[in-house]
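Structural overview for review
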Amino acid sequence: MIQTAESALPPVRHFTVLNADDIAYRHHPGDGPTIVFLPGYMSDMEGGKATRVMADAMTKGRACLLLDYAGCGQSGGDFTDGTLSRWCAETIALLDHVADGPRAGPVLLVGSSMGGWLMLMIARALVSRGGDAAVAGMVGIAAAPDFTDWGFDDAQKAALAAGETVFEDNNYGYDPMPTHARFWRDGQAQRMLGDTIALSCRTRLLHGQDDPEVPVGIALRLAERLEGGDVRITLVKGGDHRLSRESDIALLLATLDELVG
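Residues numbered from 1 in each chain as written. Predicted model: local features only at pLDDT ≥ 70, side-chain atom pairs only at ≥ 80, totals over all residues. Heavy atoms only, no water.

1. Here's the deal with helix α6 (residues 181–189)
Helical periodicity: at 3.6 residues per turn, an α-helix aligns residues three or four positions apart in one direction. Regarding α6, the residues found buried are A181, F183, W184, D186, G187 and Q188. In this fold, the buried residues of α6 make contact with α2 (84–98), α3 (114–130), α4 (147–150), α5 (154–161) and β8 (177–179). (Buried < 20%, exposed > 50% of the residue type's maximum accessible area, 1.4 Å probe, protein only. Helix = DSSP H or I, 4+ residues; strand = E, 2+ residues; numbered from the N terminus. Contact = heavy atoms within 4.5 Å.)

Here it is in structure tokens:
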């Protein structure tokens, strides 16, 4: 049985990026591409999927990186200042920090929900500066690119465009979830599904058929837009948005084994 207790994982460390945000992370050096887990919106690196990915990587001697975006989890900063562009730049700076050389790579990016959108942005930036070899692969878990567009109705978009914060109920027992105008505006500028996404790395998209948050059609649109030919979608019968059941996590770990091997 893989241990997932916090004491079994690498210690939390902190890295200060150029904008002075203090980014919390756990890093395990090892073989192969660095597996990077990118959490969803308002999530952090202590979630069940993230910790299992790290524990599995440690057991198999693989390099792995978990992190909290600025304003989330154990990182510093204010969540109201968070944007996809900012979190993308901070993640790349952290990757460079933990890399043995001056630049990060190769990496295997794992993006959950919003993290799946961020995954695409990070991959595109890394490939732009380091070539296709900089990204060994991508795994999207209910990947949600462009959700600032398809995830809000016209009234909500009007409120956000006017600078207001929109609050929504959620299915996970939290307080109403805020979306701040700064994040929404940046998200609208980072939309990707309207054109070809110039990424050719192997990509696996895992999506629950009963996901109430991200329609299955988003996975189909993303697969169509990705330039590479080695893109596969796995639909999980009975799977919800989180895909955090034991069978779901087993599927995720098996998918990582395929891409690392």
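2. Looking at the pattern of salt bridges
Overall, the coordinates contain 16 salt bridges when judged by the stated rule. Among the ionic pairs, E90 bridges to R86, the shortest N-O distance being 3.5 Å. One end of the pair, E90, and the other, R86, are both in helix α2, 4 residues apart, so they sit about a helical turn from each other. For E90, a relative accessible area of 5% translates into the label buried. Taking the relative accessible area as the measure of exposure, R86 reaches 26% and is therefore partly exposed. The salt bridge involving D149 is made with K157; its shortest N-O contact spans 2.9 Å. Here D149 falls in the partly exposed class, since its relative accessible area comes to 27%. A cluster of three or more residues bridged by salt bridges with shared partners is formed by D56, K60, R62 and D257. (Salt bridge = Lys/Arg side-chain N within 4 Å of Asp/Glu carboxyl O.)

3. So, unusual backbone geometry
One non-glycine residue, M42, lies in the positive phi region at around 65°. Tracing the chain through its elements places M42 in the loop between β3 (31–38) and α1 (48–59). A positive phi is found at S113, a non-glycine position, where the angle reads about 55°. Looking at the secondary structure, you find S113 in the loop between β5 (107–112) and α3. Here S113 falls in the buried class, since its relative accessible area comes to 15%.

4. Quick notes on the sheet that holds strand β9 (residues 203–208)
Read from one edge to the other, the open sheet built from 8 strands follows the order β1-β2-β4-β3-β5-β6-β9-β10, with strand pairing classed as mixed. This sheet does not close on itself; its edge strands, each paired only once, are β1 (13–16) and β10 (231–236). Geometrically, the sheet is characterised by an average inter-axis angle of 20° between neighbouring strands, direction not taken into account. As paired elements, β5 and strand β6 (residues 135–141) share 6 bridges and run parallel to each other. In the sheet register, S112 faces β6, and the bridge partner there is I141. Sitting on the sheet, α3 touches β3, β5 and β6, and the angle it makes with β5 is about 155°. (Pairing = 2+ DSSP bridges. Axes fitted to C-alpha atoms, helices over the stretch in contact; angles between N-to-C directions.)

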